[in-house]
Amino acid sequence: MEDTDMNDMLMTRNSVGSEDIKISARHVQVFYGDTHAIKDVDVDINDKTVTAFIGPSGCGKSTFLRCLNRMNDTIDIARVEGEILLDGEDIYDKRVDPVQLRAKVGMVFQKPNPFPKSIYDNVAYGPKIHGLAKSKGELDEIVEKSLRRAALWDEAKDRLDQPGTGLSGGQQQRLCIARAVATNPEVLLMDEPCSALDPIATAQVEELIDELRENFSVVIVTHSMQQAARVSQKTAFFHLGNLVEFDDTTKIFSNPEDPRTESYITGRIG
Amino acid sequence: MTDATGFDAPIPPAARVSLYERSAQVKQRHRKGAALRYLGVAAITLVLFFLAVLLWSIFSRGIPALFQYQAEIEIYYDPEILNPDGGPVTPEEIGDVSLRSGFERGIFLISLKRTLDSAGIDVAQVVADRWIEEAVERLSAAGLSGGAEIIAGAGAPSEGARLLGQTGNTLRAAASALGGDDQAGAVEALETASTALAEAGFAEAAATLAEIAATAGQGALSDAADALTATGYQQALFDAAGFLRQPDQFDDGDLSAIIYAANRRDVRDRLVANPDLVGETAQEGVPIDISVTRYLSGELSGEGQANMPPGFNEAQLAIVDEMVEAGIIDRNFRWSFFTNVYSQNGEVAGIGPALMGSAYMMLVVLVFSLIFGVAASIYLEEFAPKNKITDFIEINIANLAAVPSIVFGILGAAILFTLTELGFGNSIRGTALLGGLVLSLMTLPTIVIATRAALKAVPPSIRDAALGIGASKVQTVFHHVLPLAAPGILTGTIIGIAQALGETAPLLLIGLSVSTGADILSSPFSGGLLEQAQSMPTVVYLFAQNEDAPVREGLAQAAIIVMLLLLFALNFIAIILRRRFERRW
Ligand SMILES: Nc1ncnc2c1ncn2[C@@H]1O[C@H](COP(=O)(O)OP(=O)(O)OP(=O)(O)O)[C@@H](O)[C@H]1O
Ligand SMILES: [Mg+2]
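Here's a quick rundown of the structure. (Residues numbered from 1 in each chain as written. Chains lettered and ligands numbered in written order. Predicted model: local features only at pLDDT ≥ 70, side-chain atom pairs only at ≥ 80, totals over all residues. Heavy atoms only, no water.)

A short note on the pattern of salt bridges
Under the definition given, this model contains 27 salt bridges over all chains. Three or more residues are tied together by salt bridges with common partners; here these are Glu 381, Glu 394, Arg 452 and Lys 456 of chain B. (Salt bridge = Lys/Arg side-chain N within 4 Å of Asp/Glu carboxyl O.)

Brief notes about the interface of chain B and chain A
Facing 17 residues of chain B, the contacting portion of chain A comprises 24 residues. Taking both sides of the interface into account, the surface hidden between chain B and chain A amounts to around 1700 Å²; carbon and sulfur atoms contribute 67%. Here chain B is connected to chain A by 5 residue pairs in polar contact (both at pLDDT 80 or more). Residue assignment for the side of chain B that touches chain A shows that the elements contributing at least two residues are α22 (460-468) and α23 (473-501) of chain B. The dominant element in the side of chain B that touches chain A, judged by the number of residues it contributes, is α22 of chain B, at 7 residues. In the side of chain B that touches chain A, the residues fall into 8 nonpolar, 7 polar and 2 charged. (Contact = heavy atoms within 4.5 Å. Buried area = accessible area lost by both parts, 1.4 Å probe. Polar contact = N/O pair within 3.5 Å; in protein donor to acceptor, adjacent residues only side chain to side chain. Helix = DSSP H or I, 4+ residues; strand = E, 2+ residues; numbered from the N terminus. Nonpolar A, V, L, I, M, F, W, Y, C, P; charged D, E, K, R; others polar.)

Remarks on the packing of helix α5 (residues 99-118) of chain B against helix α14 (residues 264-273) of chain B
Residues and elements named next belong to chain B. At a closest axis distance of 10 Å, the pairing of α5 and α14 adopts a crossing angle of 90°. On the basis of the axis angle, α5 is roughly perpendicular to α14. Contacts from Leu 99, Arg 100, Phe 103, Glu 104 and Phe 108 of α5 reach α14 at Arg 264, Arg 265, Val 267, Arg 268 and Leu 271. The residue makeup of the contact of α5 with α14, split by class, is 5 nonpolar, no polar and 5 charged. (Axes fitted to C-alpha atoms, helices over the stretch in contact; angles between N-to-C directions. Parallel < 35°, antiparallel > 145°, perpendicular 65-115°, else oblique.)

Focus: unusual backbone geometry
All names here are of chain A. Not every positive phi belongs to a glycine, and Asp 87 is a case in point at roughly 50°. Within the secondary structure, Asp 87 is located in the loop between β4 (78-86) and β5 (89-90). Judged by relative accessible area, Asp 87 falls into the partly exposed class, the value being 42%. With phi around 60°, Ala 151 is a residue other than glycine that occupies positive phi space. Looking at where Ala 151 falls in the secondary structure, it is placed in the loop between α5 (136-149) and α6 (153-156). (Buried < 20%, exposed > 50% of the residue type's maximum accessible area, 1.4 Å probe, protein only.)

A few points about the site of ligand 1
Residues and elements named next belong to chain A. Close to ligand 1 lie 14 residues, the nearest being Ser 57, Lys 61, Ser 62, Thr 63 and His 223. Between an oxygen atom of ligand 1 and a main-chain N or O atom of Cys 59, the distance comes to 3.3 Å. Interatomic distance of 2.8 Å between a side-chain N/O atom of Lys 61 and an oxygen atom of ligand 1. Contact with the protein chains removes 65% of the 630 Å² of surface that ligand 1 exposes when unbound. Take the shell around ligand 1: its biggest share by element is 3 residues, from helix α2 (residues 61-67). (Near = heavy atom within 4 Å. Areas by Shrake-Rupley, 256 points an atom, 1.4 Å probe, with all protein chains shown as cover.)

Let's talk about the pairing of strand β1 (residues 67-76) of chain B
On a regular strand, one side chain projects to one face of the sheet and the next to the other, so that they alternate. All names here are of chain B. Counting buried residues in β1 gives 7 out of 10 residues, a clear majority hidden from the surface. Bridging between β1 and strand β3 (residues 329-333) involves 5 bridges; their strand directions are antiparallel. Each bridged residue has a counterpart across the sheet, and for Gln 68 the counterpart in β3 is Asn 332. Where β1 lies against strand β2 (residues 281-287), 7 bridges are found, and the strand directions are antiparallel. When the sheet's bridge partners are listed, Tyr 76 is paired in β2 with Thr 281. (Pairing = 2+ DSSP bridges.)

What to know about the side chain of Arg 179 of chain A
Note that Arg 179 of chain A resides in helix α7 (residues 169-182). With no salt bridge to any partner, buried Arg 179 of chain A finds its closest opposite charge in Asp 464 of chain B, at an N-O distance of 9.5 Å. In this view, Arg 179 of chain A contacts Asn 113, Pro 114, Phe 115, Asn 122 and Val 123 of chain A together with Ala 465 and Ile 469 of chain B; residues no more than four positions away in its chain are not counted. (Lys, Arg positive; Asp, Glu negative; His and termini not counted.)

Focus on helix α11 (residues 221-231) of chain B
Residue and element names in this part refer to chain B. All of the buried residues along α11 are Leu 221, Ala 224, Leu 228 and Thr 231. Down the axis, α11 shows its buried residues gathered within 80° of arc, on one side only. Exposed residues pointing more than 90 degrees away from the buried face of α11 are listed as Ser 222, Asp 226, Thr 229 and Ala 230. Elements in contact with the buried residues of α11: α8 (157-179), α9 (183-200), α10 (203-217) and α12 (233-249). Positive backbone phi, approximately 70°, marks Gly 232, located one or two places after α11. (Arc of directions from axis to C-beta.)

The following block contains the structure:
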C-alpha cells in the first residue's frame, strides 16, 4: 500500500472525535479455561467516535469486543478479570443486569445471524421487547428507519414479511445491523460487519457508521486496513492477546510506534 | 523451489491414465458400494415382507369381525310367558321374569319359531331332511346304494334308524361268528345278514355278503372275516342309524342356540317401561351366535367335525342356511363394537370404555408429561448450572427411559396399595387418572430427551442474536429457542404418547382390565377420569385371552385395527402440526 493512498484516505473523514470517554477498560484479562486470550488490556473508547480493532486472526479482537457487552457471560468457560466502566459504572458489577447493559451496548456479530422470522419481525423485535414503540405506526417507522440506515430498505421494502434467512449473506448482515441500530444503542459493537459485503454495500455500511458516530460510539473489528483507515478515528492494534498500540488512526497508519504495528499494517505479519 | 530441483532430475511424468478406465481401487470402491446397496435393499425387503405379513394377518381377521350377522326376528311379547297365571301383567311382574328362562328361552325362542314359521321354514322337516341326507351319504360312501328310498320307505327317520340298526346287528353277529371256529354257524349268520340286507333293500350288498358266505363255506373263515370288515357295511349302517336318531333329539335349546339373545335386558326394560307392548310384535335384530358367524362368513365349511362351529351340528347349520335363504339373516357393520362395554361374549363385546379410557389417558399423559417434560428440559438445558448434580439428573433421566414399562406398573400398584391402606385406593383403582399418571411417568423421559435434543439443535448464534439486542434469558428461550425447537418437541411428544397408547403391562397391574367399563360409558364426561376404565391395549389383551376362537382371532384384531388407526391419526396430526410450525419460519 502506498503512503499517498493512505493519506488520501485519512483525509476523507473528519478525524476529530469527541474527547468524552464512554468506555474505559482497565487491566482486562480474559481466559477460556486455560487459554489466556486477553492479557492486561487498557483501552479508553471515546463517545461519538469510531474505534477500530485490528490485528491478526485469533489475537482476541472478538473476545475483547464481547467483553464490552458481557456476551462472554454466555460462554461457560470464559472468565473476565479487570474493570470495564461504561459512563463511569462498572459493567461487571454485581448490580448490573447484563440484559439492561446489552440494550445500551448493541452488537453485530461476525457471522450474520438473523432470526428465522420475517424481515420486519427481525428489526421490530428489539424495539418491541424494550417498549420503544407505542403503536404499530411507530414500530413501522422504526423498522423503516433502521432498514434505511443499514442500506437495506430498497431491497427489502417489498418483502418485509418474508423470512430474513432467505436473504443473501450480505443482506443478512445488513439486516443484523438494522436490528442492532433499531434499539438505539449508545454503543454499537460491530465484529467484522463488512466481511460478507460487496464494495457498494460496504460503502453504505461505512456511511452508516459515520452517521452513527454523530450520536453513538462505534467499535468495529475489521481485517481491512483501508476500512479501518476510512471509518475510524481511533485504532487499536491487538497481537496475541496484547494491546500493542492504541492511538489516533492517522497516527497508527502514518507513524506507528511499535514495529509490530508497522509490520502488520504494511502486510508483513498477520 | 523449482530452481533447486534443476534440470538434472526432472520429475518423471505421471503415467497417463484414461478417465474411461477404472483403476483397481475405483473398482473395489464400486464393489463395496454395490454390496452395501444390495444389503440395504435386502434389509428393507425383509422388513416390508414382515410388515405385510403382520398387516395381512391383522386385517384379514379384523375386518370381517367388524361386521356382524343378525337375525331379523319378529319379537312377540307373549303374555303367556310374561304372566303364566293369566290376567294383566304389571311392570313389577315383568321385572321379575327371569332373563334366561323367561326371555332367552321364552320370548326370544317363541319369536324365533314364529319368524321361522312365517318364513315357511319347517324346522322339524329341515332337521329331518338334513340328517337323512347325512345318513344316505354315509351309506352310499360304503357302497350301500339305494339308501334314500329305503329310509323314505321306512316312514319316520326313527323307523329308518331301527331298520338300519337291525340290519347292522345281523352283520355284527356274522362278524363275531366268523371270529369263532364254527364254520357252519358262521355261514348261517352270513346268510342271515345277507337276507336282512336284501329285505331292507340293499341288493348289491346282499350279493356281496352271499359271496363272503360262499368263501366261508370253503373253510377260509379268516379270509371271509377280512372281506366282511373291508366292506365297512356294519359301521356305515350304525352311523347312518345314529344320524337318523338325531331328529328326535333336536330340541328348543338347539334352536335358540343359533341366536344370541343379547338384548334381552333391553327388551325387558322396554316392557317394564311400556307394559302395553305385551301381546304385540316388533321387529328386532338379534345377533347370531359368534361361532355360527364363522360358518356364515365361510371361514368354517360346516362339513366334518373339524369344520363345525364348536357346539353346533349339521342340522342347526341347515336351519341357518334356510334362514339365509329366507333373508332373515343379514350382515351389518358392527357399530355397537365401538360403543358397547367389554364382555366375555363376543356377540356383544365392545371397546367403548377402552376408547374412552385411552382417550382420557392420552389427555392426562399429554398434560402431565408435556408440561413437566418440557419444563424440566428447558430448565436443564437453558437455566441449570452445568455441574455434578445436573449431570447426575441427566444420567438418571436417560436411565429412566430404559426402565421396562412393567416396573412403572409395579410402582403404580405400590402407590395403589398405599392408597388402599389409607382407605381411598378403591376409588382410584383402574381409573383413567391412575393409568394416565403411570403412563406419564413412563413417557416423561422420552419427552425430556427429545425436547433437550431439539433445544440443543437450535443454533447458538440465534441465542447470541437475541441476547445481543438485549433480550433476557427467558425472552430468548420463549421467543426464539422454543419455537425453533417446537417441531422436535412435538415429534418426541407424539412418539411418547403413541408408546403410551400401546402400553399394556403397567395398566394390567393397576387394574385397568378388571371392570367392563360400564361406568365410564354411562358418565363419560362427569368424572370420567375417576371411573373404572379400560384401555385399548388391555382390551386387546382380554380379547386375545377369550375362550371363543372368533373373539381371539377376530375381535382382538379388530381392536388392534382401531388402535393402529388411532396411532396413524396421531402421527398424521404430528406431521400436520410440524408442517405448520415449520412453515412459519
Ligand atoms: N468460545 C471459545 N472457547 C475457547 N477458546 C476461544 C473461544 N472463543 C475464542 N477462543 C480463543 O481465544 C482466542 C481469541 O479468539 P477471538 O475469537 O477473540 O479472535 P479474533 O481476533 O476475533 O480472530 P478473528 O479475526 O479470526 O475473528 C483464540 O485463540 C481462540 O481460539
Ligand atoms: Mg473475531
